[in-house]
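These are the residues of each chain, in order.
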Amino acid sequence: MLAAMTEQTETRKQRAARRAGEFPPAPEALPVPVLDSHTHLDITVSEYGVPQVSAESEPGSRANGGSSGGPADDPVGAAIGVAAGVGVDRLVQVGVDVESSRWGADVAERYGAVLATVALHPNEAPRLADLDEALREIESLAARDRVRGVGETGMDFFRTGDEGRAAQEKSFRAHIAIAKRYGKALVIHDRDAHAEVLRILDDEGAPDTVVMHCFSGDADFARECVRRGYLLSFAGTVTFGSAGALREAATVTPVDQLLVETDAPYLTPMPHRGRPNASYLIPLTVRFLAATTGTDLDELCAAISATGNRAFGPW
C-alpha cells in the first residue's frame, strides 16, 4: 500500500514537473566524451532556459568557449557548460530556416564547442513566398567555415500534404547540391518518407557524408542506409517502450556508422519523456544504446566521438 502511494506521489510530481517545464536531473557523466549531433540551442534556451544542475557543470568548463558569464547573461554558454559537465563536449546546432541558420552560424563562431548546420526544414519550404531567395541565403551561410553541414533537409509526409511536396522536393534537391558544392555533411529529416528520401538521394547522387537525423526506420531501412554508407543518428526515441523497431535498427547499424542526438528540446529519453530535453541528457541515450547493442560503453563513446569528427570535421 505504501509503495503504491509513493508511486502515485512520484507520478504526480513528474506530471507537475512536465507542466512547469522543468529539466530532469543530470545523469551520470560518460567515461569518454561524445557529441550531440543534432540540437536546437536557440529553441531550448528561449523556451525553457538553462538546466540547473551541479556546480561542476556551470559555465567556465572546458567546452563553453571561454564565456565567464552566468546563465542570465550567457544562457547559451551556460547550456554548453552543463553538457560538458556530463561528458557531452561538442554540439551541432541545426538550422531550420534562414533566421535560425544565421543564428547558429554566428553561435558556432562564438563558441568553440559548437558547429552549425544550415537549411530550410522540409515543412518550411512550402510556406515560403520566395523559396529561391531563401535557398540563396542558405547557400551563402553554407560557405562559412564553422558551418559544417547542410540540414535539416529532406522530406516530411507527416505534416505536409500532397500540395506541398513539390516544394519540399525542390528544396531537398537544392540542399543536396549545396552540400556537394561546399563539401559539407548532409543532415536528413525523414518523416514517413523513407522511399522518397532514398529515391531523391539516388537520383541526385549523395554527398560524401549523409546523416539520417533522428533515425525513424526499421531494421530493413537501416540496412539500406548502412549499405549506402550513411550515418544513422539515434535520438531519445530509441528508449521509448514502443520503439522496438528502432532498437532492432540500432542493432544492425555498425558502430562506426552510429551517432546520437537530442533534437533538443524535443524527444527526451526515458525515464523523462515529456520533459524538456537538452544536450546534457545524451548519456541516457548512449548508455541505453550500449546495452541494446551489447557494445562496451567506452568503445561506443569513442566510436561516436570519432564518427562525429569524421562527419563534421574538427571542432
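Look up: the structure comes first, before these words.
Everything quoted here is computed from the prediction, not taken from an experiment. Just so you know, the residues in each chain are numbered from 1, in the order the chain's sequence is written. With pLDDT at 70 or above as the cut-off, local features in this predicted model cover only qualifying residues; side-chain atom pairs require 80 or more to be listed or tallied, and sums for whole chains, interfaces and linings still use all residues. Side-chain calculation: all heavy atoms of the structure are included, whereas hydrogens and water are not.

**Student:** Account for empty space enclosed by the protein, with residues named and values stated.
**Tutor:** Buried and open spaces are told apart on a 1 Å grid over the protein atoms alone, a cavity being a set of points where a 1.4 Å probe fits but cannot get out and a pocket being an open set with protein on both sides within 12 Å along at least five of seven lines. Residues with an atom within 4 Å of a point are the lining residues. Grid points are joined across faces, edges and corners, and a volume is the space filled by probe spheres set on the points. Tallying each qualifying case throughout the model produces one cavity of 30 Å³ or more. Roughly 90 Å³ of internal volume is contained in the largest cavity. Lining the largest cavity are Thr39, Leu41, Thr44, Val45, Pro51, Ala79, Val82, Ala83, Ala264, Ala278, Ser279 and Tyr280. Each helix corresponds to a stretch of at least 4 residues labelled H or I by DSSP, and each strand to a stretch of at least 2 residues labelled E; elements are numbered beginning at the N terminus. Those elements that place two or more of their residues in the lining of the largest cavity are helix 2 (41–48) and helix 3 (75–84). Side-chain classes follow a simple rule in which Ala, Val, Leu, Ile, Met, Phe, Trp, Tyr, Cys and Pro form the nonpolar group, Asp, Glu, Lys and Arg form the charged group, and the remainder, Gly included, forms the polar group. In the lining of the largest cavity, the residues fall into nine nonpolar, three polar and no charged.

**Student:** Please set out the packing of aromatic side chains residue by residue, giving values where relevant.
**Tutor:** Pairing of aromatic rings covers Phe, Tyr and Trp, the last counted by its six-membered ring, and requires centre-to-centre distances within 6.5 Å; plane angles under 30 degrees mean stacked, over 60 mean edge-to-face, and any other angle means tilted. By the definition in use, this model includes five aromatic pairs. When the ring of phenylalanine 215 is compared with that of phenylalanine 221, the centres are 5.5 Å apart and the planes differ by 15 degrees; the resulting orientation is stacked. Note on classification: 1.4 Å probe, protein chains only; a residue is buried when its accessible area is under 20% of the maximum for its type, exposed when over 50%, partly exposed between these limits. Judged by relative accessible area, which is 1%, phenylalanine 215 ranks as buried. Each ring, one from phenylalanine 312 and one from tryptophan 315, has its centre 6.5 Å from the other, and the planes form 75 degrees; the classification is edge-to-face. Assigned by exposure class, phenylalanine 312 and tryptophan 315 land together as buried.

**Student:** Give me the pairing of strand 2 (residues 88–94): which residues, what numbers.
**Tutor:** Sheet faces and side chains relate simply in a regular strand, where the side chains alternate between the two faces. Among the seven residues that make up strand 2, seven are buried, leaving the element largely enclosed by the rest of the structure. In this scheme, strands are said to pair when DSSP sees at least two bridges between them. As paired strands, strand 1 (residues 34–39) and strand 2 are joined by four bridges and run parallel to one another. Bridge pairing in strand 2 links leucine 35 to arginine 90. Across four bridges, strand 2 lies against strand 3 (residues 114–118) in parallel orientation. Bridging across to strand 3, valine 94 finds its partner in threonine 117.

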